[in-house]
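For reference, the chains in residue letters:
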Amino acid sequence: MLIEDIGRRRLHMAASLRTTIVLIGLFCISNSLSCWAGQSVPDVTVLSFICNTQGRPQDPKLFGKSVSYIWKNLPTETPEHGFDYYTTSPYTQEVVYAHGVCNGRLSNDQCTTCLLEAFHQVFQICIFTPIGVQMKLQDCRIRLSCYADTEDKTVVSYVCSSQMYSEDNSYFTYALNYMMRLVAEETAEHGFDYYGHSPDGKDMVYAHGVCNGKLSKNQCTGCVFEAFGDVFDLCPWKPIGAQVERLDCRIRYENYPFM
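The numbering scheme is per chain: residues are counted from 1 as the chain's sequence reads. Given that the model is predicted, a residue must reach a pLDDT of at least 70 before its local features are reported, and side-chain atom pairs must reach 80 or more before they are shown or counted; all residues, however, enter totals for whole chains, interfaces and linings. Side-chain calculation: all heavy atoms of the structure are included, whereas hydrogens and water are not.

The criterion, for reference: UniProt positions are given in the numbering used here, feature names are shortened, and annotations may be inferred rather than shown by experiment.
Labelled according to an unreviewed UniProt entry, the protein chain appears under the name Plasmodesmata-located protein 5-like, originating from Punica granatum. What UniProt states about the protein chain under its Sequence similarities (unreviewed entry) heading is, verbatim, "Belongs to the cysteine-rich repeat secretory protein family. Plasmodesmata-located proteins (PDLD) subfamily."

## Points about unusual backbone geometry
Selection criterion: Segments assigned H or I by DSSP are reported as helices when at least four residues long, segments assigned E as strands when at least two residues long, and all are numbered from the N terminus. The cut-offs for exposure are 20% and 50% of the maximum accessible area for each residue type, with area from a 1.4 Å probe on protein chains only; residues under the lower value are buried, those over the upper are exposed, and the others partly exposed.
The phi angle at E94 is positive, at roughly 50°, despite the residue not being glycine. Structurally, the position occupied by E94 is in the loop between β2 (84-88) and β3 (97-102). Using a relative accessible area of 18% as the deciding quantity, one classes E94 as buried. Even without a glycine there, the phi angle at F192 is positive, about 65°. Mapped onto the secondary structure, F192 falls in the loop between α4 (170-186) and β7 (193-197).

## A short note on the packing of helix α2 (residues 60-77) against helix α3 (residues 108-125)
Defined as follows: Orientation is described by lines fitted to C-alpha atoms, with helices fitted over the stretch in contact, and by angles between N-to-C directions that extend from 0 to 180 degrees. In what follows, roughly perpendicular refers to angles from 65 to 115 degrees, roughly parallel to angles under 35, roughly antiparallel to angles over 145, and oblique to any angle outside these ranges. If you view the pair so one helix is near and one far, a crossing is left-handed when the near helix is turned anticlockwise from the far one by less than a right angle, and right-handed when it is turned clockwise. Note on contacts: a residue pair is in contact if any heavy atoms of the two residues lie within 4.5 Å.
Relative orientation of the contacting elements α2 and α3 amounts to 150°, with a least axis distance of 7 Å. With respect to their mutual orientation, α2 and α3 come out roughly antiparallel. In terms of crossing hand, the pair formed by α2 and α3 is right-handed. Residues I70, W71, L74, P75 and T76 of α2 lie in contact with α3, whose contacting residues are T112, L115, L116, F119 and F123.

## Remarks on the sheet that holds strand β8 (residues 206-211)
Sheet strands pair by backbone hydrogen bonding; their relative direction is either parallel or antiparallel. Keep this limit in mind: Note on pairing: two strands pair once DSSP finds at least 2 bridges between them.
Sheet architecture is open: 5 strands sit in the order β6-β9-β10-β8-β7, paired in antiparallel fashion. Unpaired on one side and paired on the other, β6 (155-160) and β7 mark the two borders of the sheet. Sheet twist, expressed as the mean angle between neighbouring strand axes with direction ignored, is 5°. Contacts between α4 and the sheet are confined to β7, β8 and β10 (249-254), with β7 contributing the most and set at about 155° to the helix.

## Notes on the environment of T92
Relative to the elements of secondary structure, T92 occurs in the loop between β2 and β3. Between the C-alpha atom of T92 and that of L62, which follows or precedes it by 30 residues, the distance is 9.8 Å.

## Description of the pairing of strand β9 (residues 242-246)
What you see with β9 is a clean split: A242, V244 and R246 sit on the buried side and Q243 and E245 on the side with no burial. Bridging between β6 and β9 involves 5 bridges; their strand directions are antiparallel. The residue bridging V155 from the neighbouring strand is R246, located in β9. Bridge analysis of β9 against β10 gives 4 bridges, and the strand direction is antiparallel. Within β10, the position partnered with A242 by the bridge is Y253. The hairpin turn running from β9 into β10, its antiparallel successor, is 2 residues long.

## Brief notes about the nonpolar core
One recurring pattern in soluble globular proteins: nonpolar side chains tend to sit buried together. Stated precisely, the cut-off is as follows: Buried Ala, Val, Leu, Ile, Met, Phe, Trp, Tyr and Cys residues form a nonpolar core when they are joined through side-chain atoms within 4.5 Å.
Core analysis: the biggest nonpolar cluster contains 34 residues, and L176, V224, F228, V231 and Y253 have the highest contact counts within it. For this core, the secondary structure elements donating two or more residues are β1 (46-52), α4, β8, α5 (217-234), β9 and β10.

## Concerning the state of the cysteines
This is how it is decided: In plain terms, two cysteine sulfur atoms within 2.5 Å form what is called a disulfide here.
If you walk through the whole model with that rule in mind, you get 5 disulfides. With a sulfur-sulfur separation of 1.7 Å, C160 is cross-linked through a disulfide to C235. Judged by the torsion about the S-S bond (-50°), the C160/C235 disulfide is left-handed. With C160 in strand β6 and C235 in the loop between α5 and β9, the pair connects residues that are 75 residues apart, well separated along the chain. Paired through a disulfide, C211 and C220 show a sulfur-sulfur distance of 2.1 Å. Where C211 bonds to C220 through sulfur, the torsion about that S-S bond is close to 85°, and the disulfide is right-handed. On the basis of relative accessibility, which here comes to 0%, the residue C220 falls in the buried class.

## Concerning the packing of aromatic side chains
To keep it simple, the criterion reads: For Phe, Tyr and Trp, where Trp contributes only its six-membered ring, two rings pair if their centres lie within 6.5 Å, and the inter-plane angle classes them as stacked under 30 degrees, edge-to-face over 60, or tilted in between. As a reminder, the over-ring test applies to NZ of lysine and CZ of arginine, requiring each to be within 6 Å of the ring centre and within 35 degrees of the ring normal.
This structure, assessed with the given rule, holds 6 aromatic pairs. Members of the aromatic cluster, joined through ring pairs, are W71, F119 and F123. Above the face of the F258 ring, R252 is positioned so that its terminal group lies 4.1 Å from the ring centre.

## Notes on the sheet that holds β3
Taken together, 5 strands build an open sheet; the order of strands is β1-β4-β5-β3-β2 and the sheet is antiparallel. Every interior strand has two partners, whereas the edge strands, β1 and β2, have only one. Pairs of neighbouring strands in the sheet enclose a mean axial angle of 5°, with direction left out of account. The pairing of β3 with strand β5 (residues 140-145) spans 6 bridges and is antiparallel. Looking at β5, one finds that Y97 is bridged to S145. Against the sheet, α5 makes contact with β1, β3, β4 (132-137) and β5, and its axis sits at roughly 5° relative to β4, the strand it touches most.

The structure is reproduced here in structure tokens:
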């Protein structure tokens, strides 16, 4: 029975995923949006991503419905709200909270196109239907979560290395993305204070995450999750090391051991 139940859950999740893809396609066509192509294309280079692997939706069908709502709402509403927009799915179960941000130099249509591409990248990279995800492109970013943000997001301080890594350095890029995901997921599971490093390889990344003890585990994960996102807003030149301190959490990563 257990194997059959797992099989049914996977089929439900896959069906929800396919339904969402179809809805996005219909949405693009019905609104005559360029989506991933057009005369003026924003820079959709993927800078960073975090896929929360800690949990799965209790009801994949309802979760897919919430995600579908967000994916139809966020790309069009973000440019209409100053290129920085928070929204929530309108359902009482499997609620999804979302945040979209675009580069202010974009037009409204370019902002929408960039956000749609960010969602497209989620499907390409986070293939296991995560309950939380953050995708940062050069000209926009999105975050989806199954819980509301109640932690204090105020950035107290930050430090960015003057040295930068090249996008062509796939080893360092992989190591950094690996550590951003790991620290976001593991800090709350290790007493709200976690230090680790990427797997041994050509380019190593060492990272540390700390949360305020008053937070819940989900709030800690969310705070660390977005603190890494702050790096790419505050240090847009892709530093090889950075520190961001919020009121309720802080993160640091370097290309050398520091603890």
